[in-house]
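One letter stands for each residue in the lines below.
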Amino acid sequence: MDCPAPLRPLVAGSTWRRGVFLLLGGVLALPYGLLGVAFAQLFTNPGPPRLLVLVLLVPAATIAVVPIFLGGSRALEIAAVRGLLGVDVPEPMPGHRLDRETRLRAALWIGLHLTSGALVVAALFSVVPMALAFIAAEAGMDVGISGAERFGPFDGGDTGWLALLAVLVLAALGYAVAGLGALAASMAPALLGPASAERIAALEARAARLAERNRLARELHDSVGHALTVATLQAGAAREVLDGDPEFVRRALTAIEETGRRAMDDLDHVLGLLRETGEPSAAAPQRTLSDLDELIANSRSAGTSVHSRGRGKLDALPAVVSREGYRIVQEGLTNAARHGHGPVTVRVDVSPDGLEIELVNAVARSVSGGAAAPGGGRGLIGMRERVLLLGGRVTAGVEGERWRVRVRLPIGADG
């Protein structure tokens with residue numbers, strides 16, 4: 001059975017949670033109240049010297065006021081607001097330094113929380129016991145109220161009127177708590193919400209996370225895509241000579257096994273980094289141009305003829321340039337195996353100015369007789385993203401009957 005609309009604020013779960021929030025403010029205000037009472041007695045008592053009382057007041061006031069402006073106090077208030085008021089206030093940025101405006105807003109919120117909480121606690125301890133006593137007296141219980149006592153226009157014998165007044169007071173207190181809680185919920189985003197600098201920092205952190213996930217997605221695409229292409233070509237070649245050259249089939253199956261194992265290692269590594277919880281997997285190290293010979297050997301074992309040449313020391317490259325360079329060559333070989341035909345020429349040169357990568361292969365003919373541009377999908381997009389993130393240049397396209405990819409990466413990037 002639905003509760004009548006006027007009574008819903010009194011029985012709603014949100015009102016009770018917000019009442020707990022206000023009570024929490026009253027509990028936190030208790031030390032401040034005791035401190036105020038203590039110093040009020042010291043000032044009214046002629047015994048202690050006024051100068052001594054003032055000297056004690058300065059550190060006491062400092063200890064009482066400073067916590068209100070601390071970032072930790074704001075974080076605790078945000079947690080209470082999220083849990084008890086049900087307001088989705090963004091959590092503080094870890095390590096972000098609060099500006100003066102944010103501290104002042106948080107201090108104002110804490111002051112209002114303590115004040116409203118103290119009022120609610122005072123009302124509970126003064127009004128509720130008296131109201132319950134009036135209701136109990138009307139029920140026939142002896143609560144020690146005599147007819148000679150007066151309560152405004154009523155005396156102790158007017159138990160009916162006093163019980164009705166008690167019910168009205170308790171209802172008013174419930175509506176007051178509901179109203180204060182709703183007001184607090186509406187004010188929380190304005191006083192505890194992030195400042196402009198904090199919002200910018202949060203957006204920058206989110207952009208960094210998205211960029212990192214995008215990079216990992218490219219890693220997964222390039223690694224697994226290359227492994228599947230190599231394994232598919234090896235399996236196709238083995239099928240063609242299954243009856244006539246069992247030794248080749250054996251080597252192909254071994255290569256497929258090794259390729260699959262490397263792909264699983266890379267997959268485990270990337271998925272470990274993408275997980276929201278748990279430690280990132282360290283099973284597969286990042287592959288760099290130091291592994292270029294192994295990459296070319298794998299492509300050759302899959303049946304792709306690869307001619308490689310280069311100059312300069314690959315080990316001298318920054319880690320990030322070497323890592324991205326490896327993935328660029330890997331993607332180029334994958335595209336050549338999928339879409340091209342004939343041998344692939346790979347050139348990797350290291351100079352003081354940067355890293356140059358060039359891949360050239362013949363272009364397969366489409367059904368209509370035109371040159372089919374390889375790598376025009378996600379692979380080439382990922383390649384361009386890698387190059388642009390490092391401030392490099394990339395050109396890719398058909399030159400005559402050959403597909404050519406040229407990449408230049410500066411070597412000043414930090415790994």
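Above this text is the structure in question.
Since the structure is predicted, the reported quantities are computational estimates derived from the model, not experimental observations.

A. Representation of the overall build of the protein chain in the model. Scanning the protein chain from terminus to terminus reveals eleven helices and seven strands. Buried residues in the protein chain amount to 36% of all 415 residues. A fraction of 69% describes how many contacts in the protein chain between residues 6 or more apart in sequence connect residues 24 or more apart. Just so you have it, the protein chain exposes about 23100 Å², and 64% of that area is on carbon and sulfur atoms.

B. Seen up close, the nonpolar core. If you look at the biggest cluster of nonpolar residues, it comprises 30 residues, and the most contacted ones within it are L289, V329, L333, V346, L355, V407 and L409. Residue assignment for this core shows that the elements contributing at least two residues are α9 (292–301), α10 (319–339), β4 (340–351), β5 (354–363), α11 (378–389) and β7 (402–409). No other element matches the seven residues that α10 contributes to this core. For V329, the contacting residues outside a window of four places in its chain are L289, L292, L295, V346, V348, I357 and L359. Grouped together as the second largest cluster of nonpolar side chains are 22 residues, A29, V81, A107 and V120 included.

C. Local environment of the packing of aromatic side chains. Evaluated as defined, the whole model comprises one aromatic pair. Measuring from ring centre to ring centre gives 6.1 Å for F21 and W109, while their planes differ by 40 degrees; the resulting arrangement is tilted. Taken together, the residues F21 in helix α2 (residues 13–44) and W109 in helix α5 (residues 100–138) connect sequence positions 88 residues apart. Accessibility expressed as a relative area gives 3% for W109, which makes it buried.

D. Region of interest: the side chain of S299. Note that S299 resides in helix α9. Not counting residues up to four positions away in its chain, the partners in contact with S299 are H226, T304, V306 and L333.

E. Local environment of the pattern of salt bridges. Summed over all chains, the structure comprises 15 salt bridges. Across the pair D88 and R82 runs a salt bridge whose closest N-O atoms are separated by 3.1 Å. The class for D88 is exposed, based on a relative accessible area of 65%. By relative accessible area, R82 is classed as partly exposed at 32%. Connected through salt bridges with shared partners, the residues R311, R347, D349, E356, E358, E399, R404, R406 and R408 form a single ionic network.

F. Inspection of the side chain of T304 at higher detail. As for its position among the elements, T304 is in the loop between α9 and β3 (306–311). Setting aside anything within four residues of it in sequence, one finds T304 in contact with L233, S299, A337 and V344.

G. Structural context of the sheet that holds β3. What the five strands build is an open sheet, ordered β3-β4-β5-β7-β6; its pairing is mixed. Single-partner strands in this sheet number two, and they are β3 and β6 (393–399). Looking at each pair of strands side by side, their axes are set apart by 10 degrees on average, direction ignored. Pairing analysis gives seven bridges linking β6 to β7, with the strands arranged antiparallel. Paired with V394 across the strands is V407, a residue of β7.

H. Spotlight on the environment of D315. Turning to its location among the elements, D315 is positioned in the loop between β3 and α10. Take D315: its relative accessible area is 67%, and that puts it in the exposed class. Polar side-chain contacts of D315 include one of 3.0 Å to the side chain of S290.

I. Summary view of the packing of α9 against α10. As a packed pair, α9 and α10 sit with axes 11 Å apart at the nearest point and diverge in direction by 10 degrees. Judged on the interaxial angle alone, α10 and α9 are roughly parallel. Residues L292, L295 and S299 of α9 form the contact with α10, whose own contacting residues are Y326, V329, Q330 and L333. Residue composition of the contact of α9 with α10, by class: five nonpolar, two polar and no charged.

Reading the values: rules and limits
- Residues numbered from 1 in each chain as written.
- Predicted model: local features only at pLDDT ≥ 70, side-chain atom pairs only at ≥ 80, totals over all residues.
- Heavy atoms only, no water.
- Helix = DSSP H or I, 4+ residues; strand = E, 2+ residues; numbered from the N terminus.
- Buried < 20%, exposed > 50% of the residue type's maximum accessible area, 1.4 Å probe, protein only.
- Contact = heavy atoms within 4.5 Å.
- Areas by Shrake-Rupley, 256 points an atom, 1.4 Å probe, with all protein chains shown as cover.
- Core = buried A, V, L, I, M, F, W, Y, C linked by side-chain atoms within 4.5 Å.
- Phe/Tyr/Trp six-rings, centres within 6.5 Å; stacked < 30°, edge-to-face > 60°.
- Salt bridge = Lys/Arg side-chain N within 4 Å of Asp/Glu carboxyl O.
- Pairing = 2+ DSSP bridges.
- Axes fitted to C-alpha atoms, helices over the stretch in contact; angles between N-to-C directions.
- Polar contact = N/O pair within 3.5 Å; in protein donor to acceptor, adjacent residues only side chain to side chain.
- Parallel < 35°, antiparallel > 145°, perpendicular 65-115°, else oblique.
- Nonpolar A, V, L, I, M, F, W, Y, C, P; charged D, E, K, R; others polar.

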